[in-house]
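Next come the chains, spelled out residue by residue.
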Amino acid sequence: MNYSIIHYPNRSRFEIEMEGLTAYVEYLRTDDVFDIIHTIVPQPLEGRGIASSLVRTAFDYARDNKLTLKAACPYAHAWLLHHPEYLEKP
């Protein structure tokens, strides 16, 4: 799938605009902790790997900035369980 993920730090979100809809990951950042709290993909966009791409991009950003990863969002938590390499210190 061809789409761009845009980071909006002032809104604490990573977003994809597609077909007039917005999919996003929302996070909280406190000190050195980066916590994904919501992963939202509108139903017409489901099944395209968008949620996974958003979560991966957000966690890549956090790792690049040497932040501790957390996932209050159930989807992001499950994603981390399937990608344990993200929990290892670089």
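Summarised in this report is the structure supplied together with it.

The rules we used
Residues numbered from 1 in each chain as written. Predicted model: local features only at pLDDT ≥ 70, side-chain atom pairs only at ≥ 80, totals over all residues. Heavy atoms only, no water. Pairing = 2+ DSSP bridges. Helix = DSSP H or I, 4+ residues; strand = E, 2+ residues; numbered from the N terminus. Axes fitted to C-alpha atoms, helices over the stretch in contact; angles between N-to-C directions. Contact = heavy atoms within 4.5 Å. Phe/Tyr/Trp six-rings, centres within 6.5 Å; stacked < 30°, edge-to-face > 60°. Buried < 20%, exposed > 50% of the residue type's maximum accessible area, 1.4 Å probe, protein only. Lys NZ or Arg CZ within 6 Å of the ring centre and 35° of its normal.

With that settled, consider the sheet that holds strand 4 (residues 33-40). Remark on secondary structure: sheet strands pair via backbone hydrogen bonds, oriented parallel or antiparallel. With mixed pairing, 5 strands are arranged side by side in an open sheet as 1-2-3-4-5. Only two strands of the sheet have a single neighbouring strand rather than two, namely strand 1 (6-8) and strand 5 (68-71). Taken pair by pair, the neighbouring strands of this sheet meet at an average axis angle of 25°, ignoring direction. Bridge analysis of strand 4 against strand 5 gives 4 bridges, and the strand direction is parallel. By the bridge assignment, D35 is partnered in strand 5 with K70. Sitting on the sheet, helix 2 (residues 74-82) touches strand 4 and strand 5, and the angle it makes with strand 5 is about 125°.

As a further point, take the packing of aromatic side chains. As enumerated under the stated definition, the model contains 7 aromatic pairs in all. Taking the centre distance of 5.8 Å and the plane angle of 40° together, the rings of F59 and W79 count as tilted. In this pair, F59 is assigned in helix 1 (residues 50-64) and W79 in helix 2, connecting sequence segments 20 residues apart. Of the two residues, F59 and W79, neither departs from the other in class, the shared state being buried. Through successive ring pairs, a cluster of aromatic residues spans F14, Y27, F34, F59, Y61, W79 and Y86. Over the face of the ring belonging to Y8 we find R11, whose NZ or CZ atom lies 4.3 Å from the ring centre.

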